[in-house]
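Listed below, chain by chain, are the residues.
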Amino acid sequence: VAGATLAAGCTTTSGDTADPAAKRNKIDAAADNALTKLYGQVPDSRELVRKARGVLVLPDVVSAGFVVGGTYGEGALRKGGVTTAYYSVGAASVGLLAGAQSKAMYLLFMTEEALQKFESSQGWTAGADASVAVAKVGADARVDTETAQKPIIGFVLTNAGLMANLSLDGTKFTRMKL
(Lines give C-alpha, C1' and ligand atoms only; values in the text may rest on other atoms or scores of the structure.)
Protein backbone atom coordinates (compact mmCIF):
# COMPACT_ATOMS: atom_id res chain seq x y z
CA VAL A 1 0.00 0.00 0.00
CA ALA A 2 2.82 2.40 0.92
CA GLY A 3 4.54 1.66 -2.39
CA ALA A 4 1.38 2.28 -4.39
CA THR A 5 0.72 5.53 -2.56
CA LEU A 6 4.29 6.70 -3.16
CA ALA A 7 4.18 5.70 -6.82
CA ALA A 8 0.94 7.63 -7.30
CA GLY A 9 2.44 10.66 -5.57
CA CYS A 10 5.47 10.56 -7.83
CA THR A 11 3.41 10.56 -11.01
CA THR A 12 0.99 13.35 -10.29
CA THR A 13 1.56 17.05 -10.63
CA SER A 14 1.92 19.33 -7.66
CA GLY A 15 -1.42 21.02 -8.34
CA ASP A 16 0.02 23.43 -10.86
CA THR A 17 -2.23 24.96 -13.45
CA ALA A 18 -2.76 22.99 -16.64
CA ASP A 19 -1.40 25.95 -18.64
CA PRO A 20 1.83 24.69 -20.31
CA ALA A 21 3.26 28.22 -20.68
CA ALA A 22 2.81 28.90 -16.96
CA LYS A 23 4.45 25.58 -16.11
CA ARG A 24 7.41 26.32 -18.42
CA ASN A 25 7.83 29.77 -16.82
CA LYS A 26 7.73 28.25 -13.34
CA ILE A 27 10.35 25.62 -14.20
CA ASP A 28 12.59 28.22 -15.89
CA ALA A 29 12.44 30.58 -12.90
CA ALA A 30 13.26 27.73 -10.50
CA ALA A 31 16.15 26.63 -12.76
CA ASP A 32 17.56 30.18 -12.72
CA ASN A 33 17.45 30.22 -8.91
CA ALA A 34 19.03 26.75 -8.70
CA LEU A 35 21.93 27.79 -10.96
CA THR A 36 22.52 30.89 -8.84
CA LYS A 37 22.69 28.66 -5.75
CA LEU A 38 25.15 26.28 -7.46
CA TYR A 39 27.39 29.16 -8.54
CA GLY A 40 27.42 30.50 -4.97
CA GLN A 41 28.38 27.16 -3.41
CA VAL A 42 30.79 25.79 -6.03
CA PRO A 43 32.87 28.54 -7.69
CA ASP A 44 34.19 26.25 -10.48
CA SER A 45 30.65 25.35 -11.51
CA ARG A 46 30.08 28.61 -13.40
CA GLU A 47 33.02 27.89 -15.72
CA LEU A 48 31.95 24.26 -16.19
CA VAL A 49 28.37 25.33 -17.06
CA ARG A 50 29.76 27.84 -19.54
CA LYS A 51 31.85 25.11 -21.23
CA ALA A 52 29.06 22.50 -21.23
CA ARG A 53 27.24 21.70 -24.49
CA GLY A 54 24.04 21.43 -22.47
CA VAL A 55 22.95 21.61 -18.83
CA LEU A 56 19.96 19.84 -17.32
CA VAL A 57 18.80 21.72 -14.21
CA LEU A 58 16.29 19.97 -11.95
CA PRO A 59 15.69 22.56 -9.21
CA ASP A 60 13.40 20.60 -6.87
CA VAL A 61 13.82 16.84 -6.82
CA VAL A 62 11.94 15.22 -3.94
CA SER A 63 12.90 11.81 -2.56
CA ALA A 64 10.59 10.22 -0.03
CA GLY A 65 9.69 6.86 1.33
CA PHE A 66 9.30 4.40 4.11
CA VAL A 67 11.02 1.12 3.18
CA VAL A 68 9.84 1.68 -0.44
CA GLY A 69 10.89 5.04 -1.80
CA GLY A 70 10.69 7.19 -4.87
CA THR A 71 12.17 10.31 -6.40
CA TYR A 72 10.52 12.84 -8.73
CA GLY A 73 11.33 16.27 -10.10
CA GLU A 74 11.05 18.44 -13.19
CA GLY A 75 13.59 20.69 -14.87
CA ALA A 76 14.95 22.40 -17.94
CA LEU A 77 17.62 21.46 -20.47
CA ARG A 78 19.58 24.52 -21.47
CA LYS A 79 22.01 25.12 -24.30
CA GLY A 80 23.88 28.40 -24.32
CA GLY A 81 21.73 29.60 -21.42
CA VAL A 82 18.46 29.06 -23.35
CA THR A 83 15.91 26.39 -22.42
CA THR A 84 15.42 23.91 -25.28
CA ALA A 85 13.38 21.17 -23.56
CA TYR A 86 11.83 20.11 -20.26
CA TYR A 87 12.51 16.82 -18.46
CA SER A 88 11.26 14.88 -15.48
CA VAL A 89 13.40 12.65 -13.29
CA GLY A 90 12.28 9.57 -11.43
CA ALA A 91 13.78 6.73 -9.45
CA ALA A 92 12.54 4.03 -7.10
CA SER A 93 14.31 2.32 -4.22
CA VAL A 94 13.72 -0.36 -1.64
CA GLY A 95 15.65 -0.73 1.59
CA LEU A 96 16.26 0.81 4.96
CA LEU A 97 14.93 4.28 4.38
CA ALA A 98 12.47 6.61 6.01
CA GLY A 99 11.78 10.29 5.50
CA ALA A 100 11.93 12.84 2.72
CA GLN A 101 14.50 15.13 1.17
CA SER A 102 14.46 17.87 -1.43
CA LYS A 103 17.49 18.54 -3.58
CA ALA A 104 18.58 20.23 -6.79
CA MET A 105 20.27 18.12 -9.48
CA TYR A 106 22.44 19.33 -12.33
CA LEU A 107 23.77 17.31 -15.27
CA LEU A 108 26.44 19.01 -17.36
CA PHE A 109 26.93 17.46 -20.80
CA MET A 110 30.52 18.36 -21.60
CA THR A 111 30.65 16.72 -25.06
CA GLU A 112 28.34 17.02 -28.03
CA GLU A 113 28.19 13.20 -28.26
CA ALA A 114 26.95 12.84 -24.65
CA LEU A 115 24.33 15.56 -25.18
CA GLN A 116 23.07 14.07 -28.45
CA LYS A 117 22.72 10.61 -26.91
CA PHE A 118 20.71 12.12 -24.03
CA GLU A 119 18.45 14.17 -26.32
CA SER A 120 17.78 11.32 -28.76
CA SER A 121 16.72 8.83 -26.08
CA GLN A 122 13.10 8.13 -25.20
CA GLY A 123 14.07 7.67 -21.57
CA TRP A 124 17.68 8.05 -20.45
CA THR A 125 18.92 6.23 -17.35
CA ALA A 126 22.10 7.27 -15.55
CA GLY A 127 24.47 4.34 -15.26
CA ALA A 128 22.74 2.32 -18.01
CA ASP A 129 22.82 4.79 -20.91
CA ALA A 130 25.91 6.68 -19.73
CA SER A 131 27.90 7.13 -16.58
CA VAL A 132 27.66 10.38 -14.67
CA ALA A 133 30.71 11.59 -12.75
CA VAL A 134 29.27 13.14 -9.59
CA ALA A 135 31.41 16.18 -8.87
CA LYS A 136 34.08 15.71 -6.26
CA VAL A 137 34.69 19.01 -4.55
CA GLY A 138 37.66 19.70 -2.31
CA ALA A 139 37.74 21.60 0.96
CA ASP A 140 38.24 24.82 -1.02
CA ALA A 141 34.92 24.15 -2.90
CA ARG A 142 36.79 23.53 -6.16
CA VAL A 143 35.93 20.68 -8.54
CA ASP A 144 38.80 18.21 -8.94
CA THR A 145 40.49 18.08 -12.35
CA GLU A 146 39.65 14.39 -12.96
CA THR A 147 35.92 15.05 -12.62
CA ALA A 148 36.13 18.18 -14.78
CA GLN A 149 37.32 16.06 -17.74
CA LYS A 150 34.37 13.60 -17.80
CA PRO A 151 31.71 13.69 -20.59
CA ILE A 152 28.85 14.11 -18.07
CA ILE A 153 29.28 15.81 -14.70
CA GLY A 154 26.59 15.76 -12.02
CA PHE A 155 26.05 18.02 -9.03
CA VAL A 156 23.49 17.47 -6.28
CA LEU A 157 22.75 20.24 -3.76
CA THR A 158 20.57 20.00 -0.67
CA ASN A 159 19.72 22.77 1.75
CA ALA A 160 22.81 21.61 3.67
CA GLY A 161 25.07 22.03 0.62
CA LEU A 162 26.78 19.83 -1.94
CA MET A 163 26.18 16.09 -1.54
CA ALA A 164 29.27 13.89 -1.79
CA ASN A 165 29.67 10.16 -2.45
CA LEU A 166 26.30 9.99 -4.19
CA SER A 167 25.42 7.84 -7.17
CA LEU A 168 22.84 8.86 -9.75
CA ASP A 169 22.83 5.34 -11.26
CA GLY A 170 19.31 4.10 -11.94
CA THR A 171 17.86 7.60 -12.10
CA LYS A 172 15.68 7.94 -15.22
CA PHE A 173 15.25 11.18 -17.14
CA THR A 174 12.30 11.57 -19.53
CA ARG A 175 11.48 14.44 -21.90
CA MET A 176 8.23 16.19 -21.01
CA LYS A 177 5.75 17.39 -23.62
CA LEU A 178 5.37 21.03 -22.60
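Small disclaimer: the values here were computed from a predicted structure and weren't measured.

## Structural notes on the nonpolar core
Judged by nonpolar contacts, the single largest core of 22 residues is most densely connected at Val57, Tyr106, Leu108 and Phe155. Within the residue set of this core, elements represented by two or more residues are α2 (20-41), α3 (43-51), β1 (54-79), β2 (82-109) and β5 (152-158). In this view, Tyr106 contacts Ala34, Leu35, Leu38, Leu56, Val57, Ile153, Gly154, Phe155 and Leu157; residues no more than four positions away in its chain are not counted. Formed by 21 residues, the second largest nonpolar core is a distinct cluster that contains Val89, Phe118, Val132 and Leu168.

## Structural notes on helix α4 (residues 112-120)
Among the residues of α4, Ala114, Leu115 and Phe118 are the ones counted as buried. Projected down its long axis, α4 shows its buried positions confined to an angular sector of 95 degrees, all on one face. Among the exposed residues of α4, those oriented more than 90 degrees off its buried face are Glu113 and Ser120.

## Observations concerning the packing of α2 against α3
Orientation of α2 relative to α3, taken along the N-to-C sense of each, is 125 degrees, at an axis distance of 4 Å. Considering the angle they form, α2 stands oblique to α3. Every residue of α3 that contacts α2 at Leu35, Leu38, Tyr39 and Gln41 is listed here: Pro43, Ser45, Arg46 and Val49. Of the residues assigned to the contact of α2 with α3, the class counts are five nonpolar, two polar and one charged.

## Side note on α2
Between its terminal C-alpha atoms α2 stretches 32 Å, which fits the 32 Å expected from 22 residues at 1.5 Å a residue. Lys23, Ile27, Asp28, Ala31, Ala34, Leu35, Leu38 and Tyr39 are the residues of α2 that are buried. Along the axis of α2, the buried residues cluster in a sector spanning 135 degrees; they form a single face. Facing away from the buried side of α2 by over 90 degrees, the exposed positions are Asn25, Asn33, Thr36 and Gly40. Sitting at the amino-terminal end of α2 is Asp19, which places a side-chain oxygen 3.2 Å from the backbone nitrogen of Ala21.

## Considering the environment of Ala29
Along the chain, the position of Ala29 falls in helix α2. The partly exposed category is assigned to Ala29, whose relative accessible area is 37%.

## A few points about the side chain of Arg78
Tracing the backbone through its elements, the reader meets Arg78 in strand β1. Look at Arg78 and you get buried, because its relative accessible area is 9%. Setting aside residues up to four positions removed in sequence, Arg78 forms contacts with Asp28, Ala31, Asp32, Leu35, Gly54, Val55 and Thr83.

## Regarding the confidence of the model for the protein chain
Chain-level pLDDT for the protein chain is 80 on average; 72% of the residues reach the 70-or-more range. Looking over the protein chain, one finds the lowest element-wise mean pLDDT in helix α1 (residues 2-11), namely 43, and the highest in α2, namely 95. Every residue in residues 1-15 is under pLDDT 50, and counting partners more than four places away or in other chains gives eleven contacts.

## Observations regarding the environment of Leu38
Residue placement: Leu38 occurs in helix α2. Residues Leu38 and Phe155, 117 residues apart in the sequence, show an inter-C-alpha distance of 8.5 Å. When sequence neighbours within four positions are dropped, the list of residues in contact with Leu38 reads Ser45, Tyr106, Phe155 and Leu157.

## As for the packing of aromatic side chains
Considering all chains together, one arrives at six aromatic pairs under this definition. One aromatic cluster is present, formed by Tyr87, Phe109, Phe118, Trp124 and Phe173 through successive ring pairs.

The rules we used
Residues numbered from 1 in each chain as written. Predicted model: local features only at pLDDT ≥ 70, side-chain atom pairs only at ≥ 80, totals over all residues. Heavy atoms only, no water. Core = buried A, V, L, I, M, F, W, Y, C linked by side-chain atoms within 4.5 Å. Buried < 20%, exposed > 50% of the residue type's maximum accessible area, 1.4 Å probe, protein only. Helix = DSSP H or I, 4+ residues; strand = E, 2+ residues; numbered from the N terminus. Contact = heavy atoms within 4.5 Å. Arc of directions from axis to C-beta. Axes fitted to C-alpha atoms, helices over the stretch in contact; angles between N-to-C directions. Parallel < 35°, antiparallel > 145°, perpendicular 65-115°, else oblique. Nonpolar A, V, L, I, M, F, W, Y, C, P; charged D, E, K, R; others polar. Expected span 1.5 Å × (residues − 1). Polar contact = N/O pair within 3.5 Å; in protein donor to acceptor, adjacent residues only side chain to side chain. pLDDT = per-residue confidence, 0-100. Phe/Tyr/Trp six-rings, centres within 6.5 Å; stacked < 30°, edge-to-face > 60°.

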